[in-house]
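Survey of secondary and tertiary structure
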Amino acid sequence: MTIWVRSILLGWATLLGIAYGVEGPLLRWTSPLIGATWIATAHLALDCLTLAAAGFVAGRFNRSRAVLSGIVFAVTLCFWTFPATVALNIPWLLRLVWNSFHDSRFFDALLTSAETHALLFGCLIAGAMLSRPREKPVSIVK
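Residues numbered from 1 in each chain as written. Predicted model: local features only at pLDDT ≥ 70, side-chain atom pairs only at ≥ 80, totals over all residues. Heavy atoms only, no water.

1. Re the nonpolar core
The biggest cluster of nonpolar side chains holds 22 residues, and the ones touching the most others in it are Leu15, Leu51, Phe73, Leu77 and Leu88. When residues of this core are traced back to their parent elements, those giving at least two are α1 (2–34), α2 (39–60), α3 (66–77), α4 (90–102) and α5 (107–130). Examining the composition of this core, we find that five residues originate from one element, α5, more than from any other. For Leu51, the contacting residues outside a window of four places in its chain are Leu15, Leu77, Val86, Leu88, Leu120, Cys123 and Leu124. (Core = buried A, V, L, I, M, F, W, Y, C linked by side-chain atoms within 4.5 Å. Buried < 20%, exposed > 50% of the residue type's maximum accessible area, 1.4 Å probe, protein only. Helix = DSSP H or I, 4+ residues; strand = E, 2+ residues; numbered from the N terminus. Contact = heavy atoms within 4.5 Å.)

2. Some words on the packing of α3 against α5
For the pair α3 and α5, the least separation of the axes is 8 Å and the interaxial angle reads 150°. By the angle class used here, α3 and α5 are roughly antiparallel. Judged by the twist between their axes, the crossing of α3 over α5 is right-handed. Contacts from Ala66, Val67, Gly70, Ile71, Phe73, Ala74 and Leu77 in α3 reach Phe121, Leu124, Ile125, Ala128 and Met129 in α5. (Axes fitted to C-alpha atoms, helices over the stretch in contact; angles between N-to-C directions. Parallel < 35°, antiparallel > 145°, perpendicular 65-115°, else oblique. Left-handed = near helix turned anticlockwise from the far one by under 90°.)

3. With respect to the state of the cysteines
In the structure shown here, the tally under the stated rule is zero disulfides. Free cysteine: Cys78, not disulfide-bonded; nearest cysteine sulfur from Cys123 at 15 Å. Residue classification places Cys78 among the partly exposed positions, given a relative accessible area of 25%. Summary of cysteine pairing: Cys123 is not part of a disulfide, and the nearest cysteine sulfur, belonging to Cys48, is at 3.5 Å. (Disulfide = S-S within 2.5 Å.)

Any link to function would need more than the numbers given here.
Quick look at the structure:
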């Protein structure tokens, strides 16, 4: 059980460390260079890299079950909101689902948000998959 807790805590530490220590300052420094029209795209790209790194760390410290560790880490992210750091906000996504059943004007926002969340969670799982132990290559020589 402690390997799971350590894996999740190190994934959180990586996520928050990169989001606040690298991604935030990098976006502030480069925003005059890339312009206002590209800032959302740059933010999403950096979020993808941040979540891939966090998934890699979470999987690396539980290499026997790296992908499952990434999935458990992803589930722990569903209960928190990250204002202005990472574009993950599952409670808001659930509210959009609820609102889109009552008013069709919310449907476009729901699709955009669902696509963004699928991309971000996909990057996290891809990072966890990259941390798996490598298989021994097949050889004809003993």
